[in-house]
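# Report on the structure
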Amino acid sequence: MALCGGVGAMALPSELIVHIFSFLSDQDKLRASSVCSRWRECLFYPALWTELKLQIGGSGSSSDETPRLEFLMRKFGSFVRELQLEIAPVEGYLSPLNNDASAQRAEPPRGADNNEPQLSARWRDAMITYLNQVLRVFTSIRNNRNLQRLRLYGDTCVLQQEGLLDSSNLHQIEQGDKKINEIQQLFMEFLSNSRQLRWLSCSFMLGLVTPSSLACLSNPSAETLQHLSLLDHQLGPLISPSELGRLSNLQSIALDFSDLTSELCGLLASPRRTPLHRLSLLLNGAALEFKPLEGIATEDDWKALVRVSTNLRVYIMALEVVSTELLRVLKPSLPLERLHLDSYSTVVTDATLELISHQYNKTLTHFLLLRDDPDFPDLSVNRNEDPLVLLAWRCTKLAALVLHGYTVWSHNLVAISRLRGSSLQVLTVSEESIDFDPDQSMCMEGDPVHNLVKEVSLGLGRVWHPCLDSNLVLSEPTQHFHQEVHAFSMGM
């Protein structure tokens with residue numbers, strides 16, 4: 001920076017330095033803070049840190065994440081206005097019920113039940129790190145009255161084939177129960193001290209939210225809260241009707257489908273409330289044994305809700321759900337805009353797709369059909385009656401279609417592109433899912449894949465290619481749901 005009269009950058013007033021630093025990313029701000037004490041003083045000015053987004057864990061994790069988290073929360077936790085934190089287990093910790101030799105040799109913690117599966121030593125280490133990190137976060141924000149948005153995601157509770165793994169396993173960790181109680185108390189203390197909370201999202205934060213947590217929310221925040229998402233794999237609802245009644249200005253809510261009871265839906269349909277604009281529902285087939293679909297909202301409940309909330313749009317993610325269960329929840333009056341069907345082995349039937357395309361032809365904009373299995377079933381009764389083609393034809397507002405794990409014939413894919421044209425903004429199909437009719441291939445010249453790319457591109461009015469890497473199509477479902485809920489609700 002060249003200045004008149006040979007005056008250096010250090011002579012600039014602090015207000016100007018702060019303004020210049022406001023254009024830097026968070027990472028660059030931290031780097032600049034090591035230049036000198038003057039810059040460090042300016043860079044830690046509260047106005048520069050109204051928003052803090054952190055990702056901890058995952059495949060790219062490093063050993064210095066916890067000290068970095070402690071530093072940031074100590075510096076900014078007491079005044080930050082928006083905090084977004086994603087905590088994921090480091091790579092290799094996704095199988096807590098590990099049966100390898102090292103895990104079998106691991107000595108069980110004192111007081112553990114000898115009849116229950118023992119968590120592997122690596123998973124216990126990851127959980128200890130997780131508990132310490134969450135403790136640091138809520139210790140720092142417990143008295144923060146300026147926080148307006150809190151988004152937390154913890155990919156630490158995973159569904160195993162052996163059953164549902166939840167916070168009950170944390171007692172196998174040394175001082176686990178004590179730390180969980182402390183975390184829950186700090187969370188409730190934060191809720192009671194909050195004064196202008198507008199966005200509260202806690203998704204799969206193991207051992208954080210309890211059915212009584214929301215009762216601690218202060219009256220001022222109960223009036224200002226516009227979005228609420230409390231999701232966990234634990235048993236029982238996290239949002240009671242009495243507490244929901246306090247939140248009269250909610251415009252967006254995300255919860256487990258099993259928790260959307262007839263009583264809860266009736267409360268949301270009250271004309272004394274602010275109309276609901278977004279409703280996101282997670283239907284987890286692996287948890288239905290523990291959280292059955294008994295007493296959920298009926299067709300009449302949906303009709304009453306839609307009469308009051310005329311602009312309501314619904315997003316549903318169904319994980320490993322059989323078609324019979326889907327038919328129970330897909331009510332005709334449900335204003336479904338986004339539907340994500342994801343599974344490892346469960347197959348969606350053509351009859352289910354037929355129902356979806358008939359009932360939601362005026363509202364459906366996003367449809368994701370994913371299956372992570374080496375077998376690729378054919379959805380169509382015959383090659384000329386593909387239910388996905390019928391869905392593209394009937395659902396005139398369809399803007400995004402994502403497919404993997406089912407066979408789609410190339411000529412049907414061309415038909416989908418022509419039916420929706422440029423209005424189909426996203427068409428993601430894995431290369432593995434595409435099959436070619438040998439009879440039609442014989443009548444065409446050139447490479448079938450090249451011809452498919454050309455025809456689909458013409459239909460969409462833009463360049464299109466099949467997805468060569470299925471991993472780019474598949475994603476961790478709960479994390480995808482957490483991120484999509486944010487985008488879906490921000491569109492209010």
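By convention here, each chain's residues receive numbers from 1 onward along its written sequence. Totals for whole chains, interfaces and linings use all residues, but because this is a predicted model, local features are given only for residues with pLDDT of at least 70 and pairs of side-chain atoms are given and counted only at 80 or more. Only hydrogens and water are set aside when side-chain values are computed; all heavy atoms of the structure are taken into account.

## A look at the overall build of the protein
Helix and strand definitions follow DSSP, with helices as H or I runs of at least four residues and strands as E runs of at least two, each counted in order from the N terminus. Summing up its helical and strand segments, the protein has 18 helices and 16 strands in all. Taken across its 492 residues, the protein has 51% of its residues classed as buried. Within the protein, residue pairs in contact and separated by at least 24 positions form 79% of the contacts whose partners lie at least 6 positions apart. Total accessible area on the protein is roughly 22400 Å²; 50% of this is exposed by carbon and sulfur atoms. Throughout this description, buried means an accessible area under 20% of the type-specific maximum (1.4 Å probe, protein chains only), exposed means over 50%, and partly exposed covers the range between. Here, residues are in contact when the closest pair of their heavy atoms is within 4.5 Å. Exposure was quantified through the Shrake-Rupley algorithm and a 1.4 Å probe, taking into account, for residues, occlusion by the shown protein chains and nothing else.

## Digging into helix α18 (residues 477-490)
Across its 14 residues, α18 extends 20 Å between first and last C-alpha, which sits within 8% of the 20 Å expected from 1.5 Å per residue. Taken residue by residue, α18 has Pro477, Thr478, His480, Phe481, His482, Val485, His486, Phe488 and Ser489 as its buried positions. Expected span of a helix, by definition, is 1.5 Å for each gap between consecutive residues, and there is one gap fewer than residues.

## Looking at the side chain of Arg151
Following the sequence through the fold, Arg151 ends up in strand β3 (residues 149-154). Positive: Lys, Arg. Negative: Asp, Glu. His and the chain ends are not part of the count. Salt bridges are identified by distance alone: a Lys or Arg side-chain nitrogen within 4 Å of an Asp or Glu carboxyl oxygen. At 4.8 Å, Glu86 is the nearest oppositely charged side chain to Arg151, a buried residue that forms no salt bridge. Side-chain polar atoms of Arg151 contact the side chain of Gln84, separated by 2.8 Å. Not counting residues within four places of it along the chain, the set of residues in contact with Arg151 comprises Leu83, Gln84, Leu85, Trp199, Ser201, His482 and His486. Any pair of N or O atoms that falls within 3.5 Å is considered a polar contact. Within protein, one atom must be able to donate a hydrogen and the other to accept it, and sequence-neighbouring residues count only if both atoms are side-chain atoms.

## What about helix α13 (residues 350-359)?
Those residues of α13 not exposed but buried are Thr352, Leu353, Ile356 and Ser357. Taken around the axis of α13, the buried residues stretch over an arc of 130°, which confines them to a single face. Where the residues of α13 are buried, they touch α12 (323-329), β11 (336-343), β12 (366-371) and α14 (387-394). Think of the arc as the fan of directions from the helix axis to the C-beta atoms.

## A few points about the pattern of salt bridges
Taken as a whole, this structure holds 12 salt bridges when the rule is applied. When the shortest N-O distance is used, the salt bridge between Arg328 and Glu325 registers 3.5 Å. Placement of the pair is Arg328 and Glu325 together in helix α12, with a separation of 3 residues, close to one helical turn. Residue classification places Arg328 among the partly exposed positions, given a relative accessible area of 35%. Glu354 is paired through a salt bridge with Arg394; the nearest N and O atoms lie 3.2 Å apart. Here Arg394 lies in helix α14 and Glu354 lies in helix α13, a separation of 40 residues in the sequence. What makes Glu354 partly exposed here is its relative accessible area of 27%. Each of Arg313, Glu337, Arg338 and Glu484 takes part in a single network of salt bridges with overlapping partners.

## Notes on the confidence of the model for the protein
What pLDDT conveys is the predictor's confidence in a given residue, as a value from 0 to 100. Summary statistics for the protein give a mean pLDDT of 83 and a share of 83% for residues scoring 70 or more. Long-range and interchain partners of residues 90-115, a stretch whose pLDDT sits below 50, account for 38 contacts in this model, where long-range means more than four residues apart. Note that residues 158-165 has pLDDT below 50 and, in this model, 19 contacts with residues that lie over four places away or in other chains.

## Comments concerning unusual backbone geometry
With a phi close to 55°, Phe204 is a non-glycine residue in the positive phi region. With respect to the helices and strands, Phe204 occurs in the loop between β6 (199-203) and α8 (219-224). The phi torsion at Glu320 lies on the positive side, around 50°, for a residue other than glycine.

## With respect to the packing of helix α15 (residues 410-420) against helix α17 (residues 448-460)
Axes are the key here: two packed helices are described by the angle between their axes and the distance separating the axes. Note on geometry: axes are C-alpha line fits, over the in-contact stretch for helices, and angles between N-to-C directions span 0 to 180 degrees. Contact geometry for α15 and α17: axes closest at 7 Å, N-to-C directions at 15°. By the angle class used here, α15 and α17 are roughly parallel. When the axes of α15 and α17 are compared, the crossing they make is right-handed. Where α15 approaches α17, its residues Ser410, Leu413, Val414, Ser417 and Arg418 are matched on the opposing element by Leu452, Glu455, Val456, Gly459 and Leu460. Lys, Arg, Asp and Glu make up the charged group, whereas Ala, Val, Leu, Ile, Met, Phe, Trp, Tyr, Cys and Pro make up the nonpolar group; the residues left over, Gly among them, are polar. Among the residues forming the contact of α15 with α17, the class breakdown is 5 nonpolar, 3 polar and 2 charged. For this classification, under 35 degrees means roughly parallel, over 145 means roughly antiparallel, 65 to 115 means roughly perpendicular, and everything else is oblique. Crossing chirality is assigned from the near helix's rotation relative to the far helix, an anticlockwise turn below a right angle marking it left-handed and a clockwise turn marking it right-handed.

## Side note on the pairing of strand β8 (residues 252-256)
Taken across its 5 residues, β8 has 5 buried, putting it largely inside the fold. In this sheet, β8 lies alongside strand β7 (residues 227-231) in parallel orientation, the contact comprising 3 bridges. Each residue of the ladder has a partner; that of His227, found in β8, is Ser252. When the strands point away from the viewer, a crossover counts as right-handed if the path from the first strand over the helix to the second runs clockwise. Remark: the β8/helix α10 (residues 262-268)/strand β9 (residues 278-284) crossover connection has right-handed handedness. Pairing between two strands requires that DSSP report at least two bridges joining them.

## Comments concerning the nonpolar core
Ranked by internal contacts, the top residues of the largest apolar core, which has 119 residues, are Phe138, Leu200, Leu279, Trp302, Ile356 and Phe367. By residue number, the principal contributor to this core is helix α6 (residues 121-141), which donates 9 residues. The residues touching Phe367, leaving out its near neighbours within four places in the chain, are Leu339, Leu341, Leu353, Ile356, Leu388, Leu391, Leu398, Ala400, Leu401 and Val402. Tyr153, Phe204, Tyr315 and Leu319 belong to the second largest nonpolar core, which has 11 residues in total. In these notes, a set of buried Ala, Val, Leu, Ile, Met, Phe, Trp, Tyr and Cys residues joined through side-chain atoms within 4.5 Å is what counts as a nonpolar core.

## Observations regarding the environment of Ala304
Tracing the sequence through the fold places Ala304 in helix α11 (residues 299-308). For the pair Ala304 and Gly266, spaced 38 residues apart in sequence, the C-alpha separation works out to 7.6 Å.

## Some words on the packing of aromatic side chains
Side-chain rings of Phe, Tyr and Trp, where Trp is taken by its six-membered ring, are said to pair if the distance between their centres is within 6.5 Å; with planes under 30 degrees apart they count as stacked, over 60 as edge-to-face, and otherwise as tilted. For the structure shown, the criterion picks out 6 aromatic pairs. For the ring pair Phe138 and Phe187, a centre distance of 5.4 Å and an interplane angle of 80° mean the geometry is edge-to-face. Taken together, the residues span a long stretch of sequence, with Phe138 in helix α6 and Phe187 in helix α7 (residues 176-193) at a distance of 49 residues. Per residue, the accessibility class of Phe138 equals that of Phe187, and both read buried. Ring centres 6.5 Å apart and planes at 65° place the aromatic pair Phe138 and Phe190 in the edge-to-face group. Within this pair, whereas Phe138 is found in helix α6, its partner Phe190 is found in helix α7, the two being separated by 52 residues in sequence. The buried category is assigned to Phe138, whose relative accessible area is 0%. Its relative accessible area of 0% is what places Phe190 among the buried residues. Members of the aromatic cluster, joined through ring pairs, are Phe138, Phe187 and Phe190.

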